Amino acid sequence: MKTTHVVLASAAALLLSACASTGGEQAATPRGVETKSVDGTFTGEVIGKAAPGSGFAKLRIGMTPAQVQEIMDGAPDRNHSFESGKRWIPFYYGNDSQRLQVLYRREGCLTFTGGNVFGGGGNELVRITATPREDCLS
């Protein structure tokens, strides 16, 4: 009986600590920094550090491709689209079943949500990879 109470108390403490806020809008991840979107509805990831004054330094998670192109003063140099693992979740209607990655030479790569399985939604910036190398496209 006592063992059950200890296990339950430990599980509750672990759950509460996992749900606790980090106290800020950014949290470290193994690859980069987790950052809130412009409207605060979701979090994205920023990998690397953009050069001060560069276009990537002005970008924010949650921006649309049109907003990004305005800041970057043009279209990307290359792009690549792919299905995410969420594509195969039954009854998943979110806007993240596809992804679009774009490359801006000498700046890095950006990842946008590509929409749902029906072609709707999407087009929100979810990852900024600030690296001058062109190996960030997967």
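Above: the structure in question.
Report on the accompanying structure. In this text the structure is predicted, and so the values were computed from the model without any measurement. (Residues numbered from 1 in each chain as written. Predicted model: local features only at pLDDT ≥ 70, side-chain atom pairs only at ≥ 80, totals over all residues. Heavy atoms only, no water.)

### Some details on the overall build of the chain
The test is simple: Under the scheme used here, helices are H or I runs from DSSP no shorter than 4 residues and strands are E runs no shorter than 2 residues, and both carry numbers assigned from the N terminus. Classification of residues uses two cut-offs on accessible area relative to the type maximum, computed with a 1.4 Å probe and protein chains only: under 20% is buried, over 50% is exposed, and between them is partly exposed. A contact between two residues is defined here by any heavy atoms of the two lying within 4.5 Å. Each accessible area is a Shrake-Rupley result for a 1.4 Å probe, and residues are judged covered by the shown protein chains and nothing else.
For the chain, the helix and strand inventory stands at three helices and seven strands. Order of helices (α) and strands (β) in the chain, N terminus to C terminus: α-β-β-β-α-α-β-β-β-β. Within the chain, the proportion of its 138 residues that are buried is 30%. Pairs at least 24 apart in sequence give 42% of the contacts found in the chain among residues at least 6 apart. When the accessible surface of the chain is split by element, carbon and sulfur atoms take 56% of a total near 8900 Å².

### A word on the side chain of T131
The residue T131 is located in the segment after β7 (125–130) in this model. If we skip the residues at most four places from it in the chain, T131 touches E107, G108 and C136.

### Concerning the pairing of strand β3 (residues 43–47)
Note the threshold: The pairing criterion is simple: DSSP has to find at least two bridges between the two strands.
By the bridge criterion, four bridges tie strand β2 (residues 33–36) to β3 in an arrangement that is antiparallel. When the sheet's bridge partners are listed, V33 is paired in β3 with V46. Between β2 and the antiparallel strand that follows it, β3, lie six residues; G40 among them carries a positive phi value of about 80°. Alignment of β3 against β7, held across three bridges, turns out to be parallel. Counterpart to E45 in the pairing with β7 is R127.

### Observations regarding the pattern of salt bridges
The cut-off we apply is this: Whenever Lys or Arg places a side-chain nitrogen within 4 Å of a carboxyl oxygen from Asp or Glu, that contact is recorded as a salt bridge.
Under the counting rule described, the total for this entry stands at two salt bridges. One salt bridge connects E45 with R127, and the closest N-O pair in it is separated by 3.2 Å. Taken together, the positions of E45 in strand β3 and R127 in strand β7 put the pair 82 residues apart, joining distant regions of the chain. The same class applies to E45 as to R127, namely buried. Residue D77 is joined to R105 by a salt bridge in which the shortest nitrogen-to-oxygen separation is 4.0 Å. Highlighted residues: D77 in the loop between α3 (65–72) and β4 (78–83) and R105 in the loop between β5 (98–104) and β6 (108–115), separated in sequence by 28 residues. Given the relative accessible area of 35%, R105 is considered partly exposed.

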